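What the coordinates show
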Amino acid sequence: MTIYEARYQQYLTDLETALPLYLPEQPREKGGLPVEAARYSLLGGGKRVRPVLLLAFCDLLGVERPAAMPFACALEMIHTYSLIHDDLPCMDDDDLRRGHPTCHRAYGEAVAILAGDTLLNRACEILLATVSLDLPGSLQAARLIAAAAGSKGMIGGQALDLAAEGKSIQLEDLRQIHKLKTGALIMAPVMAAACLAGASSEITMILENFASAIGLAFQIQDDILDVTADTAALGKSTGKDQRDQKSTYVALLGLEQARRHLVDSIGTARKALADLDRAGLRTEFLSGLTDYLLARTS
Ligand code: IPE
Ligand code: IPE
Ligand code: MG
Ligand code: MG
Ligand code: MG
């Protein structure tokens, strides 16, 4: 195991310990079925890229773990809610997620919608509890996460993604969809860490460049994997984008050009890391993470 892998593993262990504590079980007879379904989706796998980014940047910038963890868990909850709703028949109509039947396949559509709502509301509670402790930067970080998940971020991107099905759109418009539907929730952990740390405007700008580049790269890679990956490794069905006539980098440009854009974005991210290095921050882990985002097969 490389040093990068060991550290990712440690972040995962910490997150897998914290997440269930932030969403405790609730008996069915007390209305807890959506909680059961939310736990099914939240605790049943996932790469945890967003909370790992948050913890890693908090470590980089000197934010203590107790201040960072609630933000990390709230973000993973918001992300998981977005996946549950994304998989619904009225959206991408998927049967498999994180190697298991999708939430609505396991619990039915109504409970899956409520499970998503549960995760979003729980995330709000966690963020508000943190803000009420008056930790430095916490209000700003919470606002930034809420905005990233909202209609000018992930939700807006999802709306544009659905509207672009079956249409031929310009690359610039597709880039914008990707930046919103996926980039926003990848940028949020990095920018939230910057708020919590009270980072300088110079460092914040470099972080923004890094996060924006890996956010776009992440969705381009997701588009590529839908065509090239193995369902078992990916934990979700492949070939769905073509079936749904989704506007993706692969559909618009072909595999080779999509890969070129991925490599370009990763190159931009690496330049930002070099800037962070020059500013005296240790970027070994982030460099490993950036390499992983280029090479990932799941
Ligand atoms: C999938 O996200 C949806 C996108 C925004 C591309 P991930 O690839 O991070 O999914 P999990 O969390 O690992 O399941
Ligand atoms: C989803 O993008 C982005 C979200 C906000 C959930 P996709 O629809 O491509 O994600 P997958 O491929 O289903 O994971
Ligand atoms: Mg989708
Ligand atoms: Mg989908
Ligand atoms: Mg996809």
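As the structure is a prediction and not an experimental result, all values here were calculated from the model.

1. Considerations on helix α9 (residues 171-197)
Along an α-helix, a turn takes 3.6 residues, which lines up residues three or four apart on a common side. The largest bend along α9 measures about 55 degrees and falls at glycine 183. Burial analysis of α9 places 19 of its 27 residues in the buried class, the great majority of the element. Phi for glycine 198, located one or two positions after α9, is positive at around 60 degrees.

2. Quick word on the site of ligand 2
In the vicinity of ligand 2, the contacting residues are Ser82, Leu83, Asp86, Asp92, Arg97, Met154, Gln158, Lys181, Thr182, Gln219, Asp222 and Lys236. Aspartate 222 places a side-chain nitrogen or oxygen 3.1 Å from an oxygen atom of ligand 2. Out of a free accessible area of 390 Å², ligand 2 has 90% covered by protein chains. Residue assignment for the shell around ligand 2 shows that the elements contributing at least two residues are α4 (65-86), α8 (154-163), α9 and α10 (201-228). If one sorts the elements of the shell around ligand 2 by residue count, α4 sits on top with three residues. Looking at the shell around ligand 2 residue by residue, the classes come out as two nonpolar, four polar and six charged.

3. Considering the packing of aromatic side chains
Taken as a whole, this structure holds seven aromatic pairs when the rule is applied. Considering the side-chain rings of phenylalanine 57 and phenylalanine 210, the 5.7 Å spacing of their centres and the 50 degrees angle between planes classify their relative orientation as tilted. Pair noted here: phenylalanine 57 is in helix α3 (residues 49-61) and phenylalanine 210 is in helix α10, with a separation of 153 residues, a long-range link. For the pair phenylalanine 57 and phenylalanine 210, one class covers both residues: buried. One aromatic cluster in this structure is built from Tyr4, Tyr8, Tyr11, Phe285 and Tyr292. Against the face of phenylalanine 218 rests arginine 296, its NZ or CZ located 4.0 Å from the ring centre.

4. A word on the site of ligand 1
The environment of ligand 1 is formed by Gly46, Lys47, Arg50, His79, Leu83, Arg98, Thr182, Phe218, Gln219, Asp222 and Lys236. Histidine 79 is positioned with one of its side-chain polar atoms (N or O) 2.7 Å from an oxygen atom of ligand 1. The protein chains hide 89% of the 390 Å² of surface that ligand 1 would expose on its own. Among the elements of the structure, α4 and α10 are those that each provide at least two residues to the shell around ligand 1. Ranked by residues supplied to the shell around ligand 1, first place goes to α10 with three residues. Here the shell around ligand 1 is composed, by residue class, of two nonpolar, four polar and five charged.

Reading the values: rules and limits
Residues numbered from 1 in each chain as written. Chains lettered and ligands numbered in written order. Predicted model: local features only at pLDDT ≥ 70, side-chain atom pairs only at ≥ 80, totals over all residues. Heavy atoms only, no water. Bend = angle between axes of the 7 residues up to and from the residue. Helix = DSSP H or I, 4+ residues; strand = E, 2+ residues; numbered from the N terminus. Buried < 20%, exposed > 50% of the residue type's maximum accessible area, 1.4 Å probe, protein only. Near = heavy atom within 4 Å. Polar contact = N/O pair within 3.5 Å; in protein donor to acceptor, adjacent residues only side chain to side chain. Areas by Shrake-Rupley, 256 points an atom, 1.4 Å probe, with all protein chains shown as cover. Nonpolar A, V, L, I, M, F, W, Y, C, P; charged D, E, K, R; others polar. Phe/Tyr/Trp six-rings, centres within 6.5 Å; stacked < 30°, edge-to-face > 60°. Lys NZ or Arg CZ within 6 Å of the ring centre and 35° of its normal.

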